[in-house]
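Residue-level structure breakdown
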Amino acid sequence: MADTKREIERKFEFTPADAETAQLPDLTPVAGIDKVAGQGVAELDAVYYDTDDLRLDAASVTLRRRTGGSDAGWHLKFPVAAGVRDEIRAPLSDRLPRSLAALLRSRVRGAQLVPVVRLLSSRDVRHLLAEDGSLLAELSIDTVRAEGLRAGSSTAAWTEIEVELADGVHDQSILDRVETRLREAGIRPAASPSKVARALHETAPPNSPKPAPHTTAPAEGTAGAHVLAFLRTQRDALVALDPAVRRELPDSVHQMRVATRRLRSAFKTYAAVVDRTVSDPLGDELKWLAAELGVDRDQEVLAQRLKTRIDALPRTLLLGPVRGRLRIWTVSRRTGSRRTTIAVLDSKRYLRLLDALDALLAAPPLLPAADRPVRGVLATAVLKDYDRLAGRVRTALDLAPGHDRDLALHEARKAAKRARYAAEAAAAALGRPAEKFAKRMKAVQNVLGDHQDSVVARDSLRTLAAQAHAAGESAFTWGLLYGQEEAAAAEDERELPAVWARAAKAKLRRRLGA
């Protein structure tokens, strides 16, 4: 069974000139630290694993099997922010636990994890204590010997200092003050983000192969360079969010779904840059992935919407076990959707999609427009998506309220999302006008999105009402909520023309330079 620990730490090393003579300074003058208590020395033996092409190292992800110390076992670390990592631990065993292997699947895929470096560390541990005796942070002086395990690797040795906040302590100003004290003593922040990164660098085999440069990469400042950079960013987000979804981190499903949609939208929006005969099959697979992820995300959003509606009702209008029925309905649907999500991430189809994205980015099928200056190509593409949205909004507003208009508004919502994504993707090149454009598109999307959420909610409320009636319960509250959703949708339809009018100003075209 794996558990997770949030590491907030900083690493330091002595300057080369002072490495042999420098000493750890007295830290009790540091504000908040009353005592430094020695905890003895532990001998640690850790073997780090990676693929032959060091994919984990490239992503600042580390996997090790460590013996010695108080936390022997398998440790998998993901970067969160500078100096912050999530460490997921599993008990010591001969083989990598499945729970950790699953978290690496989006990066490793069909490759093998092999031992790449061994670190033997003598760790001298000190506790930094507050006046009341509570633990603020743990400081360790690690004398490290690294042994490269790849063919032709060498060895390396160094001493470093780690200062990590104690569990439950989040005030990083403690680390700031300790760092100031250490710098005054000639101890500087470590150049490498982790021991294994340093070890891989310093023990690397001579003449180790380096990634071949992309000789056909488009020149800087061209539309091709900009679009490919955006596509790589979204591909990287997709891969990085996979383990977050498996860990059920907040908003991870939504963010992963957004990355898939941004990729798919970019393929369509920038069809003048990337050949759609190659990208369309990937777009179809991205659509499949987004839909499968949506099973989980949409259920989460819907359940929260209905709960909010119920919470806002006076108790006198809650007839029957309304909260209990919603809870049972939510749990039953959530369990199924969660299984679906994990099954998708474990599927060969999903891994083939990731491989196909890598292949496209390694050898991009660029069209002649890729070599043109970035501004003109991107502005034209963004405004083409805008014109597409304008047509859908007009079509929807010309229809009478009802089922057909609901469908048309849903299509307009998807077009608004695509126009927004297009503008956001172009913002780095087009600047403030594209940012404003994206905000206006988001406002349109929000109104249309709320309308669609109401359509979906009403369908679910009919189901809940029928279930309540069949169980001999009152369906009154479900009917009341249905009426509220119907009124909310009508309000969205009344609001849309004004929101669209603010987004449909002709000067947008001039501002974007198209």
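Our subject is the structure that appears above.
Residues numbered from 1 in each chain as written. Predicted model: local features only at pLDDT ≥ 70, side-chain atom pairs only at ≥ 80, totals over all residues. Heavy atoms only, no water.

Let's talk about the overall build of the chain
The helix and strand tally for the chain stands at 15 helices and 9 strands. Projected onto its principal axes, the C-alpha coordinates of the chain cover approximately 85 × 65 × 45 Å. Of all 514 residues assigned to the chain, the portion counted as buried reaches 47%. Across the chain, every contact between residues at least 6 apart in sequence was considered, and the portion connecting residues at least 24 apart equals 73%. With the model as given, the accessible surface of the chain reaches about 24900 Å², and the carbon-plus-sulfur share is 53%. Distance from the positive charge centre (81 side chains) to the negative charge centre (69 side chains) of the chain: 6 Å. (Helix = DSSP H or I, 4+ residues; strand = E, 2+ residues; numbered from the N terminus. Buried < 20%, exposed > 50% of the residue type's maximum accessible area, 1.4 Å probe, protein only. Contact = heavy atoms within 4.5 Å. Areas by Shrake-Rupley, 256 points an atom, 1.4 Å probe, with all protein chains shown as cover. Lys, Arg positive; Asp, Glu negative; His and termini not counted. Charge placed at Lys NZ, Arg CZ, Asp CG, Glu CD.)

What about empty space enclosed by the protein?
Summed over all chains, the structure comprises 2 cavities of 30 Å³ or more. In terms of lining, the largest cavity is formed by Lys11, Glu13, Glu160, Ala190, Ser192, Ser194, Lys195 and Arg198. When residues of the lining of the largest cavity are traced back to their parent elements, those giving at least two are strand E1 (3-14) and helix H5 (195-202). Split by residue class, the lining of the largest cavity holds 1 nonpolar, 2 polar and 5 charged. (1 Å grid on protein atoms, 1.4 Å probe; cavity = no way out; pocket = protein on both sides within 12 Å on 5 of 7 lines; lining within 4 Å. Points joined across faces, edges and corners; volume = space filled by probe spheres on them. Nonpolar A, V, L, I, M, F, W, Y, C, P; charged D, E, K, R; others polar.)

Remarks on unusual backbone geometry
At Leu54, a residue that is not glycine, the phi angle is positive and equals roughly 55°. Within the chain, Glu248 stands out as a residue other than glycine whose phi angle is a positive 60°. Tracing the sequence through the fold places Glu248 in the loop between helix H6 (223-246) and helix H7 (252-269).

With respect to the packing of helix H11 (residues 374-397) against helix H12 (residues 403-430)
As a packed pair, H11 and H12 sit with axes 8 Å apart at the nearest point and diverge in direction by 165°. Viewed along their axes, H11 and H12 adopt a mutual orientation that is roughly antiparallel. Where H11 crosses over H12, the handedness of that crossing is left-handed. The class makeup of the residues in the contact of H11 with H12 is 20 nonpolar, no polar and 7 charged. (Axes fitted to C-alpha atoms, helices over the stretch in contact; angles between N-to-C directions. Parallel < 35°, antiparallel > 145°, perpendicular 65-115°, else oblique. Left-handed = near helix turned anticlockwise from the far one by under 90°.)

Details of the packing of aromatic side chains
A complete count under the given rule lists 3 aromatic pairs for this structure. Aromatic side chains Tyr49 and Trp74 sit 5.4 Å apart centroid to centroid with 40° between the ring planes, which places their arrangement in the tilted category. Pair noted here: Tyr49 is in strand E2 (residues 35-50) and Trp74 is in strand E4 (residues 73-81), with a separation of 25 residues, a long-range link. For the pair shown, Tyr49 and Trp74 are each scored as buried. Seen in terms of ring centroids, Tyr386 and Phe437 are 5.8 Å apart; in terms of plane orientation they differ by 65°. Their pairing is edge-to-face. Taken as a pair, Tyr386 in helix H11 and Phe437 in helix H13 (residues 432-470) lie far apart in primary sequence, 51 residues in all. Each member of the pair, Tyr386 together with Phe437, is buried. An aromatic cluster is built from Tyr386, Phe437 and Trp500, whose rings are joined through pairwise contacts. One cation-aromatic arrangement involves Arg349 over Trp288; the distance from NZ or CZ to the ring centre is 4.2 Å. (Phe/Tyr/Trp six-rings, centres within 6.5 Å; stacked < 30°, edge-to-face > 60°. Lys NZ or Arg CZ within 6 Å of the ring centre and 35° of its normal.)

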